[in-house]
Amino acid sequence: MSGHPSTYEPKYAAEKWLDQRLPIIRMGADFMTFPSPRNLNYWWTFGGILTLCLMTQILSGIILAMHYVPNVDMAFESVQRIKRDVPFGWMLQPLHAVGASMFFLAVYMHMFRALYYGSYKAPRELLWIIGCLIYLIMMATAFLGYTLPWGQMSFWGATVITGFFGAVPFVGETLQQWLLGGYAVNNATLNRFFALHYLLPFVIAALVGLHVWALHHVGQNNPIGVTPKTKSDTLSFHPFYTIKDAFALVVFLLIFAFFLFYLPDSLGHADNYIEANALQTPAHIVPEWYFLPFYAILRAVPDKLLGILLMIGAIVVLFILPWLDSSKVRSMRFRPVAKWFFLIFLVFCFLLGWCGAETPDNYVFKLGDVGLTFYRLSQISTIYYFAYFLIILPILGLVEKPLIRPESITKSVLGSKAHVPAAAE
Amino acid sequence: MTFKTLKNVAFIGAVVIATVSSIAYAAGGGKSDYKMVHKHWHFNGLFGTYDKAAAQRGYQVYREVCSACHQLKHVAFRHLGDKGAPFYNPDYKNPNDNPLIKNFAADWQITDIDADTGDAIERTGIPADKFPAIFPNEAAARASNGGALPPDLSVMVKARNGGADYLYNLLISYDTPKPDDIELAPGQHYNPVMDGFKIAMAAPLSEGLVEYAPTTVEDHHTGEIKTVPAPEATVEQMAADVTEFIAWASDPKLEVRKATGLKVMLYLLILSILLWFTYQRVWRDVEH
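Residues numbered from 1 in each chain as written. Chains lettered and ligands numbered in written order. Predicted model: local features only at pLDDT ≥ 70, side-chain atom pairs only at ≥ 80, totals over all residues. Heavy atoms only, no water.

Student: Outline the confidence of the model for chain B, supporting the account with residue identities and numerical values.
Tutor: Residues and elements named next belong to chain B. Mean pLDDT over chain B works out to 90, with 89% of the residues at or above the 70 mark. Scored below 50 in pLDDT, residues 22-31 shows 14 contacts in the model against residues more than four places distant or in partner chains. The complex model carries a pTM of 0.92, and its ipTM stands at 0.92. (pLDDT = per-residue confidence, 0-100. Contact = heavy atoms within 4.5 Å.)

Student: How would you summarise the pairing of strand β1 (residues 109-113) of chain B if you had to cite specific residues and measurements?
Tutor: Alignment of β1(B) against strand β2 (residues 120-124) of chain B, held across five bridges, turns out to be antiparallel. Paired with B:Ile113 across the strands is B:Ala120, a residue of β2(B). (Pairing = 2+ DSSP bridges. Helix = DSSP H or I, 4+ residues; strand = E, 2+ residues; numbered from the N terminus.)

Student: So, the domain arrangement of chain B: which residues are in play, and what are the values?
Tutor: Residues and elements named next belong to chain B. You can read the domains of chain B as domain 1 (31-75 + 131-252) and domain 2 (253-288). The straight-line distance from the C-alpha centre of domain 1 to that of domain 2 is 41 Å. Contact with domain 1, which involves twelve residues of that partner, is made by six residues of domain 2. Carbon and sulfur atoms supply 47% of the area that domain 1 and domain 2 bury against each other, a total of about 700 Å² over both sides. Taken as a group, Phe47, Asp251 and Pro252 account for 46% of the area that domain 1 buries against domain 2, more than any other trio of residues on that side. Here domain 1 and domain 2 share two salt bridges between them. Across the pair Arg257 and Asp251 runs a salt bridge, and its minimum N-O distance is 2.9 Å. At the junction of domain 1 and domain 2, the tally comes to seven residue pairs in polar contact (both at pLDDT 80 or more). Per-class residue counts for the side of domain 1 that touches domain 2 are five nonpolar, five polar and two charged. (Domains from an automatic or database assignment. Buried area = accessible area lost by both parts, 1.4 Å probe. Salt bridge = Lys/Arg side-chain N within 4 Å of Asp/Glu carboxyl O. Polar contact = N/O pair within 3.5 Å; in protein donor to acceptor, adjacent residues only side chain to side chain. Nonpolar A, V, L, I, M, F, W, Y, C, P; charged D, E, K, R; others polar.)

Student: Can you break down the pairing of strand β4 (residues 370-373) of chain A residue by residue, with the values?
Tutor: All names here are of chain A. Bridge count for strand β3 (residues 363-367) against β4 is four bridges, and the pairing is antiparallel. By the bridge assignment, Tyr363 is partnered in β4 with Thr373. Linking β3 back to β4 in an antiparallel pair, the connection comprises two residues, with Gly368 at a positive phi of about 65 degrees.

Student: Pulling in residues and values, what's your account of the packing of helix α4 (residues 75-84) of chain A against helix α5 (residues 89-117) of chain A?
Tutor: Residues and elements named next belong to chain A. Where α4 contacts α5, the two axes come as close as 6 Å, and the packing angle between them is 125 degrees. If you check the angle between α4 and α5, you find them oblique. Where α4 abuts α5, its residues Val79, Ile82 and Lys83 lie against Gly89, Trp90 and Gln93. Residue composition of the contact of α4 with α5, by class: three nonpolar, two polar and one charged. (Axes fitted to C-alpha atoms, helices over the stretch in contact; angles between N-to-C directions. Parallel < 35°, antiparallel > 145°, perpendicular 65-115°, else oblique.)

Student: For the domain arrangement of chain A, give the residues involved together with the corresponding values.
Tutor: Much of the literature gives interface size as the accessible area that the parts lose upon coming together. All names here are of chain A. What the domain assignment lists for chain A is domain 1 (38-224 + 236-281) and domain 2 (286-402). The interface is formed by 40 residues belonging to domain 1 together with 34 residues belonging to domain 2. Between domain 1 and domain 2 the total buried area reaches about 3300 Å² when both faces are included, carbon and sulfur atoms providing 71% of it. For domain 1, the biggest contributors to the area lost against domain 2 are Tyr116, Lys121 and Phe164; these three give 21% of the whole. Along the contact surface separating domain 1 from domain 2 lie one salt bridge. Among the ionic pairs, Lys121 bridges to Asp325, the shortest N-O distance being 3.1 Å. Residue assignment for the side of domain 1 that touches domain 2 shows that the elements contributing at least two residues are α5, α6 (125-147) and α7 (152-165). If you tally residues by element for the side of domain 1 that touches domain 2, the top one is α6, at eleven residues. A breakdown of the residues in the side of domain 1 that touches domain 2 according to their chemical character gives 30 nonpolar, seven polar and three charged.

Student: I'd like a description of the pattern of salt bridges, backed by residues and values.
Tutor: Within the structure shown, the criterion is met by 17 salt bridges over all chains. Residue B:Asp129 is joined to B:Arg123 by a salt bridge in which the shortest nitrogen-to-oxygen separation is 2.9 Å. Taking the relative accessible area as the measure of exposure, B:Asp129 reaches 12% and is therefore buried. Owing to a relative accessible area of 23%, B:Arg123 belongs among the partly exposed residues under this scheme. Taken together, the shared-partner salt bridges in this structure form one network comprising A:Lys121, A:Asp325, A:Arg335 and A:Glu400. (Buried < 20%, exposed > 50% of the residue type's maximum accessible area, 1.4 Å probe, protein only.)

Student: Let's hear about the side chain of B:Asp165: which residues, and what values?
Tutor: Residues and elements named next belong to chain B. Tracing the sequence through the fold places Asp165 in helix α5 (residues 163-172). Despite being buried, Asp165 has no salt bridge partner; Lys39 is the closest side chain of opposite charge, sitting 8.0 Å away. Engagement of the side chain of Asp165 in a polar contact is seen with the side chain of His38, the distance being 3.1 Å. Those residues in contact with Asp165 that lie beyond four places of it in its chain are Met36, Val37, His38, Lys39 and Trp41. (Lys, Arg positive; Asp, Glu negative; His and termini not counted.)

Structure (structure tokens):
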């Protein structure tokens, strides 16, 4: 699986027998000794955290599926039953719901890290694209799952999102009906959403397998973006990064547990505790927080189809990012100008999220007759979002003068002491 | 090393900002001139538990007042006697055996089918039953309430922005003077807390509407059974009591959740400290 020479030596006869037929222990051993850059910081701990998130969602989800009833008349009640009567259901259901938010929190940290340190650049283009694909399917899974409790926001969120497909020219209406299994969100919709919500996490798991495989083929990027050259540039994955990941993971779990046990509803909407009602539209249909930036992009233009295209474009642009960024320098630590554009990009991502949560006609601030509406702010932010990928990154790589990069990771870590043999055991 | 610490602080800062902004996003806002009363609920905070005496009185208010129109369809009578519930009695670990719970259930008539004849019958409720429907169907409910549908109260505290404060304020704010620009249709009432300020429900509570009796509860710290004297049945008192009860109905596992959370958080905290020192030890000879 990985490119580094294997150091595994089977000790017992049974191990040797197995190693000649299916070298699965060797694979695990090689995984644990994988040479990892010695300078990885905490931003590199989210891979492990995300693996745990996926496993948590799949395990809690399988148990929830044993008690949940995908029927429009019983779905809402069955969720209440899980929380009131199923042993530990009071913990499992919020674990799954809060877990989805934590999953996205971690995936955004992971992605922003990749953007800052240029982890998408050669030879990691495919690694990045597989990651984008995982993110895309995560979004689909989260949307499908949010429909299942059959609250008001579930129903109307599903109505709005499936309505996008109706905007496709010529075949839109047919496509929408085909997806819904009818003219509106109904029992057939709930059933297929449940089936797909159960299926997609396993697709994600398979893609994670490819993601890790690709990672082990090209090796991790690192904070200075300089490829490891010698043995002293790297450390064995275990124990150095297993322990660092474990520490970061438990800190992450502390935040997770705080939400789970003390604020289980804070990341959701009160409206979703009202059973779905096709005859009563909620005053504000707002998606979950992790979709808000894209929701703001959708609403930034008056035309529905254009809005949808922009929203899809906001994700498509991520897939082609490796070929948009013209700079050969990976880490923004050595890109004095790009670094600032990246920070502004980060601010605009948060602003987009804010716009998504607010009513477009409301004012961000108002001085006399002039003011800035959230609609305008979302337009400005959308322009910057696309400009960052389509204009700034392609041009900046050609005009920016990068700082001098260290020759090697060892040199950057040890500085003048670089001649001392590394202490990697 | 200081630079590294600084970076780590910046990193933790980023995590905190992301977390806090998601909390801030989750919090809603008020809309009218009426000043919302923010009560300190007994179930607020990290160690919050339900005020059992208040919740017991709240049950009385629900039974004698609210249940004329509002159902509690997700709540079973036996839930009232669970651990953490208003009528929990340590002598009856199985709430189905609790005579108090049996009495509450027997207070209701349940529509059922006679097992021998197949005829539709009305029988006395048992602890395993859920609170029955008040009206035979939605049309009947609307017909009896001037076209409005009295919502189910099982998760009411979770189903409105503002939670318990919303419910409490809705119940005590009926006497706020109506602004002139709000036109009420027949059967509508002004309420500054309600979305749109118009509510079909007339003021449900009035001074002395229920007759409170002393309540018997288990002391949360000592475990002793004690008697709580009956307060005066003011509108505020009844509103607070019924809100305590509906808060319990909406989140019956709150006490076990918070108690478990404390243990989990402590465990994770100690584990994180141990892992930090292990991390320091593993990396002690490695420049990075």
